[in-house]
Amino acid sequence: MKAVAGMKMSYQVQQAIVDSKDTVVRGFRQDETNTALCSHLYTMVRGNRQHRRAFLISLLNLFDDNA
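Looking at an unreviewed UniProt entry, one finds the protein named Nipped-B protein, with Cirrhinus mrigala as its source organism. A UniProt comment under Subcellular location (unreviewed entry) is attached to the protein, and it reads "Nucleus".

Caption draft 1: Inspection of the UniProt feature "domain: Sister chromatid cohesion C-terminal" (unreviewed entry) in the protein at higher detail. Feature annotation in UniProt places "domain: Sister chromatid cohesion C-terminal" (unreviewed entry) on residues 2-65, given in this structure's numbering. For residues 2-65, the end-to-end C-alpha separation is 22 Å, with 61% helix and 6% strand making up the annotated structure.

Caption draft 2: View of helix H3 (residues 49-62). Between its first and last C-alpha atoms H3 spans 20 Å; for 14 residues at 1.5 Å apiece the expected length is 20 Å, and the two agree. In this structure Asn48 caps H3, since a side-chain oxygen of it lies 2.9 Å from the backbone nitrogen of Gln50.

Thresholds, definitions, all that
- Residues numbered from 1 in each chain as written.
- Predicted model: local features only at pLDDT ≥ 70, side-chain atom pairs only at ≥ 80, totals over all residues.
- Heavy atoms only, no water.
- UniProt positions renumbered as here; feature names shortened; annotations may be inferred.
- Helix = DSSP H or I, 4+ residues; strand = E, 2+ residues; numbered from the N terminus.
- Expected span 1.5 Å × (residues − 1).
- Polar contact = N/O pair within 3.5 Å; in protein donor to acceptor, adjacent residues only side chain to side chain.

Structure, rendered in structure tokens:
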């Protein structure tokens, strides 16, 4: 799924921006709006329930210990 690849690339970009081993990469920008860093991906899959479900299952499979 291309959205999961986009999430991985977004995380890598945020790691490069932070550029510190001690700092944890957060999933949001802390300013006056508290915007999610991957909000563009969320809006793409939000409209279709089938795409949203496949996207979430793909993300959860990344963290599956049994796979």
